[in-house]
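Listed below are the residues making up each chain.
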Amino acid sequence: MGTINLKEPSVQIREKRLGTITGYAGGAEELLTQVKGCGIKDSKRKFSQCIGCNAGHAFCQLSLIQDVAIVNHAPVGCAGDFFGFNFVYRVEQVNRNLPPANGRYFSTCIEEKDTVFGAAAKLEETVREAFRRVHPKAIFVTTSCASGIIGEDIESVLDSLEKELEIPVVSCSCEGFRSKTWTTGFDAAYHAVLRKIAKPARKKTNKVLVPNFWGSHVFDNFLKDLGYEAQYIMPFSTIKELEHISEAAATIHICPSLSSYMGAGLEQVYGVPEVQAPPAYGVKGTDIWMRNIGKVLNRVDEVESYIKRRHEQIEPKLAEYRKQFEGKRAYVTAGAAHGHAIIALLSELGFVVEAASIFHHDPVYDNHNPESDALAQVVEEYGDIKKYHVCNKQAFELVNALRRVQPDLLVARHSGMTVWGAKLGIPTLLVGDEQFGIGYRGVLNYASRIEEALDAVEFVTNLSKHSTMPYTKWWLDQQPQAFQGGKKKCQNI
Amino acid sequence: MPKYIEQPRYSCAVGAMQSVVAIRRGVPILHSGPGCANKITSLIGQGEGYAGGSTIPCTNAEEKDVVFGGEKKLTDLIESSLKVIDADLYVVLTGCTSAIVGDDVASVVSEFQDNEQPVVAVDTAGFRGNNHVGHAQVVNAIIDQYVERHRGPVEVEKGLVNLFASVPYQDPYWNGNIEELKKILEAIGLKVNALFGHESGGVEEWKTIPNAEFNIVAGAWSSLPIAKHLEKKYKTPYLHFPYLPIGGIETSRFLREVAVFGKLDTQLVEAYIQREEEKYYSYIEQTADFMLEFRYGIPRRVYAIAEASYVLGFSKFLLNELGIIPGKQFIVDDTPEKYQAKIREEFKNISEYKARNVEVEFNPDAGESALEIERLIKGHPEKRSLILGSGWDKSIADATKSDLLIISPPVTYRLVLSCGYTGYTGGLRAIEDIYDRVLGTYR
């Protein structure tokens, strides 16, 4: 089944497209077996905490494109995340030698009467005003629960504005209630760009696309040595650059949870080859990824000698770290593919990853290639993770499980989670830059940050002495998955 | 309500969940889409508090709830929240999804209330208003559905007052401000229900709301519907001081107005004012030479782009105590029209010594106002300006080499703990913070 359909204005959500689940408790290996046997089990919860919605993730990828304006067709509260992204936009401009500028984001401020009489006129007015103030190269319109339930034909409104303003005016369907898997928002943003911005290739270039957030440019030198040029896309792209992504030589992933749809879309629609191995985290994972990219870019021999050279360079230091960390117990909480990457990194460094709380699970990515399965690769290379929870945040499950496991280290990858490690007196680490841990160097990078986190015991120990606990004793005595119910279902994917 | 907003500086009614987080051992329960709490805390919520942020229970509306309704799901969630979260007060806030679909939240919640469980429901659909409006709705709902059910006999307690000042988290310095106001009011002989933050006594304190001798509203308009509601419900009179008192002059004026209204012991009040002013002005005196002599330029003109309570409070303070002249003032909080005249009137009387015509604009579309401030400052390149605004204004402050003090959300560039700007202490703190920024610009 093909998953990329650019004729539809809305991307199909991950639950339907990939069979993604957000509730599971068991072992990692068992989860993989269930997937293979088509008996993957998604759980529902009678108690749940705020998940976060896909709108923020769509906005995340669209709002940092350099020359656009964004209109959020929603009540004003949905615009609460504007500034968080604007902050990132401004900070990262400095790292890229770009002039300082605010992101240009508008809310249509849907109010009660609009839910009765319609909000289309308001949307038109806002798009025109955004155009007047900003003169962007494109305007993206992100939707909301309210605009979705009102149910107007946004497409036709935007089509006529596109003619009037003579720039792309593109809808991005990301109503909060659409999906429990927030990464669907990434898909929605890429869908919008593939559908309305990208154009057929005029020629082929030596560019290798790296869909990413705003991480460091770790691929530059490596790809240059192979005769290619890294092009980091979406945040800090220009519309012109995105128009020509179809001309690239390949797409690589830093996290397929992020860019599964973009990678498969570019390959299926424009024939841009996708490097389908899981991202390059951990020494073993990096070896596999390197060999894969060598094949795709036709640089097999160069890559082999690169691998050999890099192994020799990092081995002595790596051995030291392994000795230091050997046998320490770690807990990981993060999004899917990046969480698997962290598990690989920690295992590589000698940690025993005893448990993980991972925000969702994609049984397959959009390329439908089983070799892309990052969790399968981790289990194969480093062994099972016995306590593998899938929970879309759900801090109450994390706290409960953390207290039982009492690891030596918690590595988290989303805000709102680290505080629980610290409150329980567990050294905790959050690394913001996704590219920080990539490749051979990345293993050492991570090791040095872990060393710091383990060293600063005073802070967490003292904090834990004065921490409050909003959970009842009753809850902490239950099993972490006590509120997960639900039935087995067969996902025909 | 505005047509559109660039650079939003407030949230929707669900944003009032932060008012619940500000109540000791209070927890909001959201009957809403999955993203609401994240978006709110991203704008107005540094830190989780006791049970805010990712601890907040939520029904996380899905497509089927929007089609078939989500009442059963809400019942399950409230039931389980009572078991899982260790709190004294559970406030259900409904978002757009359930409001448009038409879930009967009141009847779901009334079952819990009939079983004497501390659960309250408020309709805060995002499209119905902003979090200034939502704040009053939440407080009034708690009064009607919790306080009224759990209070003792209504007996006016002499000297007890309820303080309604900052909207928690929308005012980034709410905790410090409330703490300071409570401190100075208690110093003149009152007993103060702070209701929010560290200096409050949690739900036990809330239960005594009906017993207050009078209520104090210190702020432009957001809390007025609460005072009016209490006047109607418990016949409690209220004093409205329409801005945050910052610094010596305004704090003394505030205390004297309270003293007159509450018929307090004038001698005690004046003695306190004298003692505090002495201390306060001895500090000001120390800095006067700096303000007059510093040769490399300090701001002489202020543009505010913030909530009415701060814009007024700071304008008065900066003009009268630091000699910083108010340029055009922009009020971003979507002040309802009926409250605007009073605010304009206050600006007319900003100086005791001369007529001053301070231009004031009410406009929630802060993106537009920010551009105007940039033009205004660039029109006077010889004058150094101070901008009182939010994180959004770092851009215009940098572009015009102005000094920026962030007093309005998003505050991202500041880490706020106990800082407050009200009272005598807050005034001194404001002076330190402003000139800290000014002096920090020199190499």
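Everything quoted here is computed from the prediction, not taken from an experiment.

### Quick notes on the overall build of chain B
Check the secondary structure of chain B and you find 17 helices and 13 strands. In terms of overall size, chain B behaves like a compact globule, its C-alpha atoms giving a radius of gyration of 22 Å where 443 residues would be expected to give roughly 22 Å. Based on the C-alpha atoms only, the size of chain B along its principal axes is roughly 70 × 50 × 40 Å. Here chain B holds 443 residues, and the buried ones make up 64% of them. Considering only residue pairs separated by 6 or more positions, chain B has 73% of its internal contacts joining residues 24 or more positions apart. About 16,500 Å² of surface is accessible on chain B, with carbon and sulfur atoms providing 50% of the total. Computed over 47 positive and 60 negative side-chain charges, the inter-centroid distance for chain B is 4 Å.

### Some thoughts on the overall build of chain A
Helix and strand counts for chain A come out as 21 helices and 15 strands. Its C-alpha atoms give chain A a radius of gyration of 23 Å, within 12% of the compact-globule value 23 Å for 493 residues. In terms of its C-alpha atoms, chain A occupies a principal-axis envelope of roughly 65 × 60 × 45 Å. Within chain A, the fraction of its 493 residues that count as buried is 63%. Sequence-distant contacts in chain A: of pairs separated by 6 or more residues, those separated by 24 or more amount to 75%. Here chain A has roughly 17,900 Å² of accessible surface; of this, 51% comes from carbon and sulfur atoms.

### Description of the sheet that holds strand β9 (residues 250-251) of chain A
Residues and elements named next belong to chain A. Pairing is parallel across the open sheet formed by three strands, whose spatial order is β8-β7-β9. With one partner strand each, in any of the chains shown, β8 (229-233) and β9 form the two edges of the open sheet. Together, β7 (207-211), β8 and β9 form the strand contacts of helix α12 (residues 256-270), whose direction differs from that of β7 by roughly 145°.

### Focus on the side chain of B:S222
Take B:S222: it is sitting in the loop between β7 (212-218) and α10 (224-234). B:S222 sits in the buried class, given a relative accessible area of 11%.

### So, the environment of A:L410
Residue and element names in this part refer to chain A. Note that L410 resides in strand β13 (residues 409-412). With 132 residues separating them in the primary sequence, L410 and P278 have C-alpha atoms 23 Å apart. Excluding anything up to four places from it in sequence, L410 contacts Y331, T333, L402, M417, G421, I426, P427, T428 and L429.

### What to know about the interface of chain B and chain A
Taken together, the contact between chain B and chain A spans 60 residues of the former and 61 residues of the latter. Between chain B and chain A, a total of about 5,300 Å² is buried, with carbon and sulfur atoms accounting for 62% of that surface. Of all residues in chain B, the largest losses of buried area upon contact with chain A belong to B:Y4, B:K39 and B:V84, amounting jointly to 14% of the total for that side. On inspection of chain B and its partner chain A, the count reaches seven salt bridges. Here A:E112 and B:R128 are joined by a salt bridge, their closest N and O atoms 2.7 Å apart. Along the contact surface separating chain B from chain A lie 26 residue pairs in polar contact (both at pLDDT 80 or more).

### Comments concerning the pairing of strand β6 (residues 169-172) of chain A
In summary, the side chains of a regular strand alternate between the two faces of the sheet. All names here are of chain A. The two faces of β6 match: V169 and S171 on one face and V170 and C172 on the other face are all buried. Pairing between strand β5 (residues 138-142) and β6: four bridges, direction parallel. Counted as the bridge partner of F140 is V170 from β6.

### Observations concerning the pattern of salt bridges
Residues and elements named next belong to chain B. What the rule picks out here adds up to 65 salt bridges over all chains. Between K73 and E62 there is a salt bridge; the shortest N-O distance is 3.2 Å. Taken together, the positions of K73 in helix α4 (residues 71-84) and E62 in the loop between α2 (36-44) and α3 (63-68) put the pair 11 residues apart, joining distant regions of the chain. Since its relative accessible area comes to 24%, K73 is described here as partly exposed.

### Section: the nonpolar core
Core analysis: the biggest nonpolar cluster contains 122 residues, and A:F140, A:F219, A:W289, A:L346, A:I385, A:Y388 and A:I450 have the highest contact counts within it. Core analysis: the next-biggest nonpolar cluster, separate from the first, contains 116 residues, B:V21, B:I143, B:F214 and B:I246 among them.

### Quick word on the environment of B:L244
All names here are of chain B. Within the secondary structure layout, L244 lies in the loop between β8 (238-241) and α11 (247-261). Taking the C-alpha atoms as reference, L244 lies 23 Å from K354; in sequence the two are 110 residues apart. Those residues in contact with L244 that sit more than four places away from it in its chain are A165, S166, D171, N177, A218, S309, Y310, G313 and T422.

### Considerations on the confidence of the model for chain B
Per-residue pLDDT for chain B averages 96, and the proportion of residues at 70 or more is 100%. Here the prediction assigns the complex a pTM of 0.96, and the interface score ipTM is 0.96.

Each value, and the rule that gives it
Residues numbered from 1 in each chain as written. Chains lettered and ligands numbered in written order. Predicted model: local features only at pLDDT ≥ 70, side-chain atom pairs only at ≥ 80, totals over all residues. Heavy atoms only, no water. Helix = DSSP H or I, 4+ residues; strand = E, 2+ residues; numbered from the N terminus. Rg over C-alpha atoms; globule rule 2.2 N^0.38 Å. Buried < 20%, exposed > 50% of the residue type's maximum accessible area, 1.4 Å probe, protein only. Contact = heavy atoms within 4.5 Å. Areas by Shrake-Rupley, 256 points an atom, 1.4 Å probe, with all protein chains shown as cover. Lys, Arg positive; Asp, Glu negative; His and termini not counted. Charge placed at Lys NZ, Arg CZ, Asp CG, Glu CD. Pairing = 2+ DSSP bridges. Axes fitted to C-alpha atoms, helices over the stretch in contact; angles between N-to-C directions. Buried area = accessible area lost by both parts, 1.4 Å probe. Salt bridge = Lys/Arg side-chain N within 4 Å of Asp/Glu carboxyl O. Polar contact = N/O pair within 3.5 Å; in protein donor to acceptor, adjacent residues only side chain to side chain. Core = buried A, V, L, I, M, F, W, Y, C linked by side-chain atoms within 4.5 Å. pLDDT = per-residue confidence, 0-100.

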